[in-house]
Amino acid sequence: MATIYLGQKKYSYSIIRKPISSLRLRLKTPRSFIVSCPRLTPEFVINRFIKKNQNWIVIHSQKVPAKKIYKNLKNLVILGEEYQLQFVKTQRDSVIVSVLDKKIYVNISKDSNKHIKLVLEKKLRPLALKIIKQELELFAKKYGFSYGNVVVRNQSSRFGSCSSRGNLNFNWQIIFFPLDKFRHILLHELNHLKIKNHSSVFWNQLVIYDPNCKPNNLWLKKEGTKYFLF
Ligand SMILES: [Zn+2]
């Protein structure tokens, strides 16, 4: 890994030599990038290439999300409730969510970021499904819905969907949204059980279930994916 100053900011970069015919640039984090180049490219050509693209690097690197270091996470906000995270190095992996004292104990056998992510996700995903099912049950009783299977997925672009058979899918990470936004997503999909399209009939019905339907929907479009942690 080499370093270079571009626009008064220090960047680190790595060079990957491979059988390609031209130089390529890929941003990795807000302060690092990768240069891929043909195997025999001289150093000065690479440097010239970086300098030539420095404006592009400086501007676009600001938009690259920083890599999440899960061990540095201090807390997790689940449906607006803040849980403190406590990491402990142990023999066996486990995650204990204590609702009473609002703490999540994360016991990990390996320190790597990838491993911590895996352990956390393995526990939080079923928890999300449980929370979603509980909430759906309440709405079903209140408004008279009946649905099929409920599953959680990790679709990055969608929050939920409703199949023609009445099965409901949700992105498990919607539990990191504020409660009213979370509920809005569930009500949206429940509403699809009766109205398949997004016609005015659909929205007029949804606003009965969620009076803040419009601002909630807007918020989800603008902010939603920022809340995804995995
Ligand atoms: Zn929809």
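This is a predicted model, so every value here is computed, not measured.

**Here's the deal with the coordination of the zinc ion**
Item 1. Every protein donor of the zinc ion is accounted for by His188 (NE2), His192 (NE2) and His198 (NE2), and the metal-donor separations fall at 2.0 to 2.1 Å.
Item 2. The motif formed by the donor residues of the zinc ion, counted along the single chain, is H-x3-H-x5-H. With a gap of ten residues between them, His188 in helix H4 (residues 179–192) and His198 in the loop between H4 and helix H5 (200–209) connect regions that are remote in the sequence.
Item 3. Judged by its relative accessible area of 13%, His188 falls in the buried class.

**Observations regarding the packing of aromatic side chains**
Item 1. For the coordinates displayed, the defined rule picks out 17 aromatic pairs.
Item 2. An angle of 15° between the planes, with centres 5.2 Å apart, marks the rings of Tyr70 and Phe230 as stacked. In this pair, Tyr70 is assigned in the loop between helix H2 (54–61) and strand E5 (75–78) and Phe230 in the segment after helix H6 (213–223), connecting sequence segments 160 residues apart.
Item 3. According to the relative accessible area criterion, Tyr70 is buried, its value standing at 5%.

**Regarding unusual backbone geometry**
Item 1. Its identity is not glycine, yet Gln8 carries a phi of approximately 65°, on the positive side.
Item 2. When you line up the elements, Gln8 lands in the loop between strand E1 (2–6) and strand E2 (9–18).
Item 3. Assessed through its relative accessible area of 79%, Gln8 is described here as exposed.

**Re the nonpolar core**
Item 1. With 49 residues, the main nonpolar core has Ile78, Ile132, Phe170, Ile174 and Phe176 as its most contacted residues.
Item 2. It is helix H3 (residues 113–143) that provides the largest number of residues to this core, a total of eleven residues.
Item 3. If sequence neighbours within four positions are ignored, Ile174 has contacts with Leu79, Ile132, Phe159, Phe182, Ile185, Leu186 and Phe228.
Item 4. Listed in part, the 14 residues of the second largest apolar core include Leu6, Val35, Cys37 and Phe49.

**Looking at H4**
Residue pairs spaced three or four apart in an α-helix point in one direction, given the helix's 3.6 residues per turn.
Item 1. In this model H4 runs 20 Å from its N-terminal to its C-terminal C-alpha over 14 residues, within 8% of the 20 Å that 1.5 Å per residue would give.
Item 2. Most of H4 is tucked away: eleven of the 14 residues are buried.
Item 3. Along H4, the positions that sit buried rather than exposed are Lys181, Phe182, His184, Ile185, Leu186, Leu187, His188, Glu189, Leu190, Asn191 and His192.

**Some remarks on the environment of Thr90**
Item 1. Mapped onto the secondary structure, Thr90 falls in the loop between strand E6 (81–89) and strand E7 (94–98).
Item 2. Separated by 20 residues in the primary sequence, Thr90 and Lys110 place their C-alpha atoms 8.3 Å from one another.
Item 3. For Thr90, the side chain forms a polar contact with the main-chain oxygen of Arg92, separated by 2.9 Å.

**What to know about the pattern of salt bridges**
Item 1. One pass over the structure, following the stated rule, counts five salt bridges.
Item 2. Here Glu43 ties to Arg17 by a salt bridge, and the two come within 3.9 Å at their closest N and O atoms. Of the two residues, Glu43 is situated in helix H1 (residues 43–52) and Arg17 in strand E2; the sequence distance between them amounts to 26 residues.
Item 3. With a relative accessible area of 45%, Glu43 lands in the partly exposed category.
Item 4. Arg17 gets classed as partly exposed once you look at its relative accessible area, which sits at 34%.

Rules used throughout
Numbering of residues starts from 1 in each chain and follows the order in which that chain's sequence is written. The model is predicted, so local features are restricted to residues of pLDDT at least 70 and side-chain atom pairs to those at 80 or more, both for listing and for counting; the totals for chains, interfaces and linings are taken over all residues. Hydrogens and water are ignored here; the side-chain numbers use all heavy atoms of the structure. A donor here means any N, O or S atom no more than 2.8 Å from the metal (3.2 Å for Na, K and Ca); water is not included, so a site may seem to lack partners. For the purposes of this entry, the term helix denotes a DSSP run of H or I that reaches at least four residues, the term strand denotes a run of E that reaches at least two, and both are numbered from the N terminus. Think of it in three bands: with a 1.4 Å probe and only protein chains considered, a residue is buried below 20% of the maximum accessible area for its type, exposed above 50%, and partly exposed in between. Here a pair means two rings of Phe, Tyr or Trp (six-membered ring of Trp) with centres within 6.5 Å. Their orientation is stacked below 30 degrees between planes, edge-to-face above 60, and tilted elsewhere. For this analysis, a nonpolar core means a set of buried residues of the types Ala, Val, Leu, Ile, Met, Phe, Trp, Tyr and Cys, connected via side-chain atoms within 4.5 Å. Throughout, a contact is declared for two residues whenever any of their heavy atoms are within 4.5 Å. Each helix should span, by expectation, one fewer than its residue count multiplied by 1.5 Å. Polar contacts here mean pairs of N or O atoms no more than 3.5 Å apart (in protein, one a potential hydrogen donor and the other a potential acceptor; neighbouring residues in sequence count only if both atoms are side-chain atoms). Here, a salt bridge means any Lys or Arg side-chain nitrogen found within 4 Å of an Asp or Glu carboxyl oxygen.

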